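One-letter residues, chain by chain:
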Amino acid sequence: MGLPRLMSVEEFFGDPQQAGASISPDGTRIAYLAPWKNRLNVWVRGVEDGSEARCVTADETRSVTSFRWTGDPRWLLYDQDSGGDENYHLYRVDLDDPEAAAVDLTPFPGARSTGVTLPAERPGKVLVQLNARTIDRFDPVEIDIASGELTVLAENPGSVLDWLPGSDGELYARTLTGSGDYELSRWDAAAGALRSITTLDGSDRPMGINPFELSDDGAGVWMASTRGGDLSGLVRLDLITGEESEVDSHPTLDLDGDRRAVIGLSPLIRHRRSGRLLGVRYLGERQEIRPLDAEFAEVLTALESLSDGDVGALSCDDDGQRWVVSFVHDRDPGATWFYDHATGESRLLFRPYPHLDPADMAPMVPVTITARDGLRLPSYLTLPVGLEPRGLPLVLLVHGGPWYRDSWGYQPDVQFLANRGYAVLQVNFRGSVGYGAAHTRAAIGEFAGAMHDDLIDAVDWAVERGYADRDRVGIVGGSYGGYAALVGVTFTPDVFAAAVDYVGISDLVNVLRSMPAFVRPALVANWYRYIGDPDIPEQHADMLARSPISHVDAIRTPLLVVQGANDSRVVQAESDNIVAALRERGIDVEYLLKEDEGHGFVNPENQIDYHRTTERFLARHLGGRQDG
């Protein structure tokens, strides 16, 4: 087989033609994202094949990335921030009036809405958490969707991380103890106080309790728990007694609780109207769904027959008969189908990127690498199509978080790099989630230590097996992955021939002190536990020692730094400072700054510019293929 055609940057990183489809509660319409004036917006069409579609949002500045149906087919809700600042507002669209402009239901400058819930027992209402009163405190509020009238249900006393609306108007709150454990409490409205129900060990939950959803009977919550073991399963916590009872678990896999924020997958599959639990997702090398409902088991069998990928986003009508499903696949991204369980009818609705031929895409192969201390590191290797897998230039692509994980599925940056002739290696180093609590906790105190050793061991693995050319290894990463790239060129400068830092951390002290107000209350459970508290002198010193900015004199590796000016998590100073330090030494460093982006680029022209810049940079230093 010869080399695949050299595909353009635009083919990989332009907007999808259609994506993110969801069926309406009455089963008559489908909403989805598609371009309008070079920005993704929400479109609506009938379920019938060939139905006319119309665009129902009109954002010309920044792409819309998430939306939801309400119980009333007239109203649709979507979220939008400003230039990547993560201050998301909730907007309402009137589907019965095509001429009506979208209405901002949370019109408070500088405020952020989160935790959107549409309780079945409160038709016409939406519950959100909003920090309009005080920037670092989120209050639970109820909004009448039709009128926009807003009612504050409680005022956060200062300790509540987030709220969980219960049945019959009750509220529950999640707080953090000083030691980083999570406390679940009931809100006593009459006394304006929290009444503790139980305390949950936070040591293996650096990013919180995921999932954490009200059970269908309203008397408990479903949540992830290790229950004294290493792997997480699903339990029900009684809201009166605080007792846990097992709902489901897998003998070898963790609950898939960590992909919701990135690709919108909840580990719990629930009936749209009743909230009944239908199935649970687990994730290893591939996904496994365990059905907990007999009828859904039949539906799942039918859905899984439509693709050799993994079942991705799911939506169904209120009767649970009409379904829209998209598939996670390494070479055929997001293929989306309609399925009618009552008739057995199924048809492909769309492929988001119809110009991409799966035959030209490179398979993403699970591999396991053993670290120097014996820890097994689940990883993925993607080798370019049409090239002998020997002595290739290698890109070590490091995931962010670090409390996240790489998983099987299409990634445009992976396929882009493989198309350019690079082998791509993705490592779930210690600290990654989804492989048991011990794998995550093994990162405590190991920033720029054993976490980085895992990456170096992975490079050695690829070289020793002949896949990679030792002299042509690059490291690329975003957020924590950007920090890892900077650690690579400061702590181990001889390993890498090129590095790309995308919205990455250069100074661990500064990044914690500049975190946005909505993040700071949770730092004790993750950053403070794993890396330290900058207000404690000895920990402050250790954090500086593990910061690339403290070792900038060691940098001799060609470096590309990429940053969004509106990034509220890793502020622009993180990139400005390391670039200035290098330029002061006369070291040539490339710097790409986008004024209209935040912690990760959204708008297609910025994505395209970033990857075109990366393409030229890596080709110059690693010798991969280049378009033009």
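Predicted model only: the values in this text are computed from it and were never measured.

Turning next to the sheet that holds strand β31 (residues 392-398). Reading across from one edge, β29-β30-β32-β31-β33-β34-β35-β36 is the order of the eight strands in this open sheet, with mixed pairing throughout. Of all the strands in the sheet, the pair left with one neighbour each is β29 (364-370) and β36 (589-594). Between one strand axis and the next, the sheet turns through 20° on average, direction left out of account. Bridging between β31 and strand β33 (residues 468-478) involves six bridges; their strand directions are parallel. The partner of Leu397 across the bridge, within β33, is Val476. Helix-sheet contacts for helix α4 (residues 412-419) involve β30 (376-382), β31 and β32 (423-427), and the interaxial angle to β32 is about 150°.

Attention now moves to helix α7 (residues 480-491). The terminal C-alpha atoms of α7 lie 16 Å apart, and with 12 residues this matches the ideal 16 Å at 1.5 Å per residue to within 8%. Where burial is concerned, most of α7 is hidden: 11 out of the 12 residues are buried. All buried positions along α7 are accounted for by Tyr480, Gly481, Gly482, Tyr483, Ala484, Ala485, Leu486, Val487, Gly488, Val489 and Thr490.

Turning our attention to the layout of surface pockets. Taken as a whole, the second largest pocket spans an internal volume of roughly 270 Å³. Along its surface, the second largest pocket is lined by 17 residues, and Leu253, Gly284, Glu285, Pro378 and Tyr435 are the ones closest to its centre. Those elements that place two or more of their residues in the lining of the second largest pocket are β29 and β30. No other element matches the four residues that β30 contributes to the lining of the second largest pocket.

The subject of this paragraph is the nonpolar core. Most often, soluble globular proteins have nonpolar side chains that are buried together. The biggest cluster of nonpolar side chains holds 62 residues, and the ones touching the most others in it are Leu396, Leu425, Phe447 and Trp527. Considering each element in turn, this core owes the most residues, eight residues, to helix α6 (residues 450-464). Core analysis: the next-biggest nonpolar cluster, separate from the first, contains 31 residues, Phe12, Val395, Tyr502 and Val503 among them.

Any space left empty among the atoms is revealed by the rolling of a water-sized probe across them. Scanning the model with the defined rule gives four cavities of 30 Å³ or more in all. Surrounding the largest cavity, Gly115, Thr117, Leu127, Val128, Gln129, Pro140, Val141, Leu153, Trp163, Pro165 and Leu171 form its lining. Secondary structure elements with two or more residues in the lining of the largest cavity: β9 (113-117), β10 (125-134), β11 (137-144) and β13 (160-165). Counting residues per element, the lining of the largest cavity draws most heavily on β10, at three residues.

Analysis parameters
- Residues numbered from 1 in each chain as written.
- Predicted model: local features only at pLDDT ≥ 70, side-chain atom pairs only at ≥ 80, totals over all residues.
- Heavy atoms only, no water.
- Pairing = 2+ DSSP bridges.
- Helix = DSSP H or I, 4+ residues; strand = E, 2+ residues; numbered from the N terminus.
- Axes fitted to C-alpha atoms, helices over the stretch in contact; angles between N-to-C directions.
- Contact = heavy atoms within 4.5 Å.
- Expected span 1.5 Å × (residues − 1).
- Buried < 20%, exposed > 50% of the residue type's maximum accessible area, 1.4 Å probe, protein only.
- 1 Å grid on protein atoms, 1.4 Å probe; cavity = no way out; pocket = protein on both sides within 12 Å on 5 of 7 lines; lining within 4 Å.
- Points joined across faces, edges and corners; volume = space filled by probe spheres on them.
- Core = buried A, V, L, I, M, F, W, Y, C linked by side-chain atoms within 4.5 Å.

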